[in-house]
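# Coordinates in review
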Amino acid sequence: MLKVLNIVGARPNFMKVAPIYAEMKRRPAEFDPMIVHTGQHYDAAMSDAFFDDLGMPKPDVYLGVGSGSHAVQTARVMTEFEPVVLREKPDWVLVVGDVNSTIACTLVCSKLGIKVAHVEAGLRSGDRSMPEEINRILTDSIADMLLTPSQDGDANLAREGIAKDKIRFVGNVMIDSLFEHLKFAESSTVRSDLGIDGLDYAVLTLHRPSNVDDQATFAGILGALISISEKLPIVFPAHPRTRAKIAEFGFEERIASADIRLIEPLGYLDFMRLYSGARLVLTDSGGLQEETTALHIPCLTLRENTERPITIEMGTNVLVGTDPKKIVTAAIDALAATEAEKDSSTPPLWDGKTAGRICDELLR
Ligand code: UD1
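Anyway, here's the lowdown on the structure attached to this text. Everything numeric here is computed off the predicted structure, so don't read it as measured data.

Tallying secondary structure elements over the protein gives 17 helices and 13 strands in all. By the compact-globule yardstick of 21 Å for 364 residues, the protein fits well, its C-alpha radius of gyration being 20 Å. The dimensions of the protein, computed from C-alpha atoms along their principal axes, are 55 × 45 × 40 Å. The buried share among the 364 residues of the protein stands at 59%. Contacts in the protein between residues at least 24 apart in sequence constitute 70% of all its contacts with a sequence separation of at least 6. Carbon and sulfur atoms form 52% of the exposed surface of the protein, whose accessible area is close to 14700 Å². One finds the centroid of the 38 positive side-chain charges in the protein at a distance of 3 Å from the centroid of its 52 negative side-chain charges.

Pasting the structure below:
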């Protein structure tokens, strides 16, 4: 039987670990899984709500590291996680995604000789100014098993000289969670609560430091959003970082004067109910590029690059950058597109069965 510590730290980790943990629990003769939460995200809306919505049990271990600079946060995860590994002696540690908790736990294990499996391996934006890109490159270079969501990931890893036998194309586990929870999301009242049920609306998320920490960039994006909001209302669940920047830059009045509904971050099911009915999604999130592709919803990515090119090649994603004119033009084009023009398909192995393949690979 394999003892596996499944690591979660930040919001985008929860929906990736939930189906893997559930699959391990369904195979008790093969797996003894535990959940370790680093506490990188700790607000009820950024963490607890996801455990509830995803039906995950409380973490077996909570490290409580909280916020801090990158160095402080990464170091705190490492010092808190090391004794847990020494105590639990797992056969595998499973990390997901590209957040600071991912690299911190991987680094601890690699020094202790404990095997690490990285889920969502191989993604590359080519932009080393993103903290996530550094986390991806470093995690993949020292993890023992690299489980990729799309075949561009396999190609990126091969290009970096990673041994072929470490790379396993298993598909996108986030889509397991998405397909499993769509029916539960139907009972969410978020659309009627916001008064947009049956209407055309757009959904916006924005939290990348490169977009919201620089006042001029954020002001430019906001100008474009105000123009788009003349065509349809924009619902904007704001990350705590973004909230703080809106207050710091004094953007509240500009937002309030347009049809941009600034709301608190939503839980997994409410947010799914919201974006699944949207006419258009505007985002700088990685996960939302994938979720909109899986549901065939037009998505404009407000970044200059993406580590998820498959969502552009096969899916509904368009990379528009942060130039205000380009954002407005792309939104007008997307809203004018006919059904025939919106043709898109679902990438291979985004089929809701990835967690099973991950478990099989761990046993192999
Ligand atoms: C992290 C991930 C990012 C992911 C994002 C999703 C890294 C490097 N980045 O970025 O890839 O897309 O999570 O949300 O790991 N805060 C709270 N409450 C919380 C968590 C954060 O108020 O529960 C505030 C704090 O002021 C904190 C700031 O948000 O300093 C940023 O949080 P942090 O975890 O450092 O990074 P994110 O921007 O959330």
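It is worth spelling out the site of the ligand at this point. Around the ligand sit 21 residues, and of these Gln40, His41, Asn100, Glu132 and His239 come closest. Between the ligand and Gln40 there is a distance of 2.8 Å, counted from an oxygen atom to a side-chain nitrogen or oxygen. In this structure, an oxygen atom belonging to the ligand sits 2.6 Å away from a side-chain N or O atom of Glu132. Elements with a minimum of two residues in the shell around the ligand: helix H1 (11-25), helix H3 (70-88), helix H5 (131-142) and helix H11 (240-249). Tallied by class, residues from the shell around the ligand come to six nonpolar, nine polar and six charged.

This part is about H11. Looking only at H11, the buried set comprises Thr242, Lys245, Ile246 and Phe249. The arc enclosing the buried residues of H11, seen along the axis, measures out at 105 degrees, which places them on a common side. Packing partners of the buried residues in H11 comprise helix H9 (209-212), helix H10 (215-228), strand S9 (234-237), helix H12 (252-257) and strand S10 (260-263). At the C-terminal side of H11, Gly250 shows a positive phi close to 65 degrees.

For the rest of this paragraph, the subject is the sheet that holds strand S2 (residues 31-37). Read across the sheet, seven strands follow the order S3-S2-S1-S4-S5-S6-S7 without closing on themselves; strand pairing throughout is parallel. Each edge of the sheet is formed by a strand with only one pairing partner; in this case those strands are strand S3 (61-62) and strand S7 (167-169). Relative to strand S4 (residues 92-96), strand S1 (residues 2-8) is paired through three bridges, and the arrangement is parallel. Of the residues in S4, the one forming a bridge with Val4 is Trp92.

Another aspect to go through is the pairing of S1. Judged by how many residues are buried, S1 sits mostly within the fold: seven of seven residues are covered. With burial as the criterion, each face of S1 is covered, one bearing Leu2, Val4, Asn6 and Val8 and the other bearing Lys3, Leu5 and Ile7.

The parallel open sheet is built from six strands, whose spatial order is S10-S9-S8-S11-S12-S13. The sheet is open, and its two borders are formed by S10 and strand S13 (317-319), each paired with just one other strand. In this sheet, adjacent strand axes meet at a mean angle of 20 degrees when their direction is disregarded. Pairing between strand S12 (residues 299-301) and S13: three bridges, direction parallel. What sits directly across from Thr301, in S13, is Leu319. Against the sheet, helix H16 (residues 324-336) makes contact with strand S11 (280-283) and S12, and its axis sits at roughly 155 degrees relative to S11, the strand it touches most.

Analysis parameters
Residues numbered from 1 in each chain as written. Predicted model: local features only at pLDDT ≥ 70, side-chain atom pairs only at ≥ 80, totals over all residues. Heavy atoms only, no water. Helix = DSSP H or I, 4+ residues; strand = E, 2+ residues; numbered from the N terminus. Rg over C-alpha atoms; globule rule 2.2 N^0.38 Å. Buried < 20%, exposed > 50% of the residue type's maximum accessible area, 1.4 Å probe, protein only. Contact = heavy atoms within 4.5 Å. Areas by Shrake-Rupley, 256 points an atom, 1.4 Å probe, with all protein chains shown as cover. Lys, Arg positive; Asp, Glu negative; His and termini not counted. Charge placed at Lys NZ, Arg CZ, Asp CG, Glu CD. Near = heavy atom within 4 Å. Polar contact = N/O pair within 3.5 Å; in protein donor to acceptor, adjacent residues only side chain to side chain. Nonpolar A, V, L, I, M, F, W, Y, C, P; charged D, E, K, R; others polar. Arc of directions from axis to C-beta. Pairing = 2+ DSSP bridges. Axes fitted to C-alpha atoms, helices over the stretch in contact; angles between N-to-C directions.

These values are about where atoms sit, not about what they do.
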